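Single-letter residue listing:
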Amino acid sequence: MNVWNNKLDKHIELLLQRYPMLDAVREDIVNAYLIMEESYQKGGKLLIAGNGGSAADAEHIAGELMKRFKTPRPVSEKFAKSLKAVDAKRGAELAKNLECSLMAIPLVAHEALTTAYINDVDGLGVFAQQLFGYGREGDVFLGISTSGNSKNIMNATVVARAQGIKIIGLTGENGGELANAADVTVRVPATETYMIQELHLPIYHCWCLMLEEHFFGGE
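Residues numbered from 1 in each chain as written. Predicted model: local features only at pLDDT ≥ 70, side-chain atom pairs only at ≥ 80, totals over all residues. Heavy atoms only, no water.

If you check an unreviewed UniProt entry, the chain appears there as SIS domain-containing protein from Bariatricus massiliensis.

Spelled out as structure tokens, the structure:
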């Protein structure tokens, strides 16, 4: 596992300054970040799933990672030249506008696939099926469940473990089954669903900020 980069401390400190109750899970937040950093460093990707509000969080996280969050992420000069070589006009515009990504796939976002699988096979295996199809050894699965007991998330953890995919859980205080299945679980200090969700957002924003700074530079 990668060693903690002290330059990223400012993001954790700002998070805890704004949400002091999260100091109780500081170590887990850092350890979950390190799992993601290591995976990306080796060419892996993040696969994210949740239900209801946590499904929206899954898409939100992917949106922050697949394009800039705060820091510009221009394409390399080499790729810019390749774009222009293909089409001088369009390539120049694309070279200016494209942004580098940290690959993140929200498993909640593929309506034709998910509804077909739910209708034809098994509603509780919908994330497991996608993880089996998209996932590769060295990737990371981020399962978001306020209870920690979502059946479709737990099914996905079985597939993840069988494929050599690290598991991060983002849950409420009780942790549920997910806390036992994951490599690292961040159990925020709340038990009411909406309060748990309100604490999940600043944590994953912090992760996105740290990943962006590590891979694309920062302030």
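Enquirer: Looking at this structure, I do not really get the sheet that holds strand S1 (residues 46-49). What am I missing?
Expert: Note on sheets: strands pair through backbone hydrogen bonds, and any given pair is parallel or antiparallel. The five strands are arranged S2-S1-S3-S4-S5 in an open sheet whose pairing can be described as parallel. Single-partner strands in this sheet number two, and they are strand S2 (104-106) and strand S5 (184-187). Taking each pair of neighbouring strands and ignoring which way they run, the sheet shows an average axis angle of 15 degrees. Across four bridges, S1 lies against strand S3 (residues 140-144) in parallel orientation. For Ala 49, the partnering residue across the bridge sits in S3 and is Gly 143. (Pairing = 2+ DSSP bridges. Helix = DSSP H or I, 4+ residues; strand = E, 2+ residues; numbered from the N terminus. Axes fitted to C-alpha atoms, helices over the stretch in contact; angles between N-to-C directions.)

Enquirer: I'm lost on the packing of aromatic side chains in this one. Help?
Expert: Each pair of aromatic rings is reported with the distance of its centres and the angle of its planes. According to the stated counting rule, one finds one aromatic pair in the structure shown. With centroids separated by 6.1 Å and ring planes inclined at 75 degrees, the aromatic side chains of Tyr 40 and Phe 215 adopt a geometry described as edge-to-face. Taken together, the positions of Tyr 40 in helix H2 (residues 26-41) and Phe 215 in helix H10 (residues 193-216) put the pair 175 residues apart, joining distant regions of the chain. By relative accessible area, which is 25% here, Phe 215 ends up partly exposed. (Phe/Tyr/Trp six-rings, centres within 6.5 Å; stacked < 30°, edge-to-face > 60°. Buried < 20%, exposed > 50% of the residue type's maximum accessible area, 1.4 Å probe, protein only.)

Enquirer: What exactly am I supposed to notice about helix H1 (residues 9-18) here?
Expert: Because an α-helix packs 3.6 residues into every turn, residues spaced three or four apart end up facing the same way. If you check which residues of H1 are buried, you get His 11, Ile 12, Leu 15 and Leu 16. End-on, the buried residues of H1 take up no more than an arc of 130 degrees, which puts them together on one face. Opposite the buried face of H1, at more than 90 degrees from it, the exposed residues are Gln 17 and Arg 18. Buried positions along H1 lie against H2 and H10. (Arc of directions from axis to C-beta. Contact = heavy atoms within 4.5 Å.)

Enquirer: Looking at this structure, how should I read a nonpolar patch on the surface?
Expert: Taken together, the side chains of Phe 79, Leu 94 and Leu 98 define a hydrophobic patch exposed on the protein surface, amounting to about 240 Å² of accessible area. By the secondary structure assignment, Leu 98 is in the loop between helix H5 (88-97) and S2. Leu 98 sits in the partly exposed class, given a relative accessible area of 34%. (Patch = residues over 30% accessible without salt bridge, like charges linked within 9 Å, V, L, I, M, F, W, Y side chains within 5 Å. Areas by Shrake-Rupley, 256 points an atom, 1.4 Å probe, with all protein chains shown as cover. Salt bridge = Lys/Arg side-chain N within 4 Å of Asp/Glu carboxyl O.)

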